[in-house]
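# Observations on the model geometry
This is what each chain is made of:
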Amino acid sequence: HRNQARLCLELSASDFLYFDPNPEQCESGVFSDLTDTEQSFVLHKCNLAISDVQGSDHILTCKKLSINGVKYEMDDIFVIDHVHDEVPVFFKIMKIICFRSRWLLSGSIYHAVDYSRLLHAYIVSESAILTVISPGDEKDYHPLDMYSIESTDYIIMHHKTFVG
């Protein structure tokens, strides 16, 4: 078993054990570029008061981020919670933000309204709720696919996520 583990490490990608943030396609901006809702969530996540921040404080927004072995991209969808122990609550990444060395994901919440046995997918609707989460807050680290068929959105889950 020890030799097999050694071979797996030798043959794996060189960044297998790389946990530092690796952002891609980034743009600089200022704190005031964020929406009011995003600003309040960022302040809350960073344990800051509005008096601790200037509108001209530097932020970084990126389209892709790899951190702690998980890859995040704009428009990726993750499970962030469960309702009634079974029904997933989905989160779609709209913006990847770095503020004061803290990485955050801003996005929309999608709720499952039904399940299509034919497509093996959840029928979802976007709520008006915008939220900000930290990388690692998701329940499952695999991004999911969303499809739109005749103005109905579907999210396919390939496996059941752990509830707990």
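This report concerns the structure included in the present document.

Moving on to the overall build of the protein chain. Helix and strand content of the protein chain: two helices and nine strands. In the protein chain, the succession of α and β elements from N to C terminus is α-β-α-β-β-β-β-β-β-β-β. The 164 residues of the protein chain split such that 36% are buried. Put simply, of all contacts in the protein chain between residues at least 6 apart along the chain, 58% involve residues at least 24 apart. Surface accessibility of the protein chain: about 10400 Å² in total, with carbon and sulfur atoms responsible for 51%.

What follows deals with the state of the cysteines. Per the stated rule, a full pass over the model turns up one disulfide. With no disulfide of its own, C46 has C98 as its nearest cysteine by sulfur position, at a separation of 9.0 Å. C98 forms no disulfide, and the closest cysteine sulfur to it belongs to C62, at a distance of 7.3 Å. The buried category is assigned to C98, whose relative accessible area is 13%.

In this structure, R100 takes a positive phi of about 55 degrees despite not being glycine. Relative to the assigned elements, R100 resides in the loop between β5 (87–99) and β6 (102–116). Using a relative accessible area of 44% as the deciding quantity, one classes R100 as partly exposed.

On to the pairing of β5. Looking down a regular strand, the side chains alternate between one sheet face and the other. Burial runs high along β5: ten of the 13 residues are buried. In the sheet, strand β2 (residues 58–67) pairs with β5 via four bridges, with the strands oriented antiparallel. Bridge assignment links I59 to a residue of β5, and that residue is F99. Where strand β4 (residues 77–83) meets β5, six bridges bridge the pair, whose relative direction is antiparallel. Within β5, the position partnered with I77 by the bridge is K92. Hairpin connection, β4 to β5: the antiparallel pair is bridged by three residues, and H84 has positive phi, about 55 degrees. As paired elements, β5 and β6 share ten bridges and run antiparallel to each other. Paired with V89 across the bridge in β6 is H111. Where β5 folds back onto β6 in an antiparallel hairpin, the turn is made up of two residues, including R100, whose phi is positive at roughly 55 degrees.

Conventions adopted
- Residues numbered from 1 in each chain as written.
- Predicted model: local features only at pLDDT ≥ 70, side-chain atom pairs only at ≥ 80, totals over all residues.
- Heavy atoms only, no water.
- Helix = DSSP H or I, 4+ residues; strand = E, 2+ residues; numbered from the N terminus.
- Buried < 20%, exposed > 50% of the residue type's maximum accessible area, 1.4 Å probe, protein only.
- Contact = heavy atoms within 4.5 Å.
- Areas by Shrake-Rupley, 256 points an atom, 1.4 Å probe, with all protein chains shown as cover.
- Disulfide = S-S within 2.5 Å.
- Pairing = 2+ DSSP bridges.

As far as function goes, none of this settles anything; it's purely spatial.
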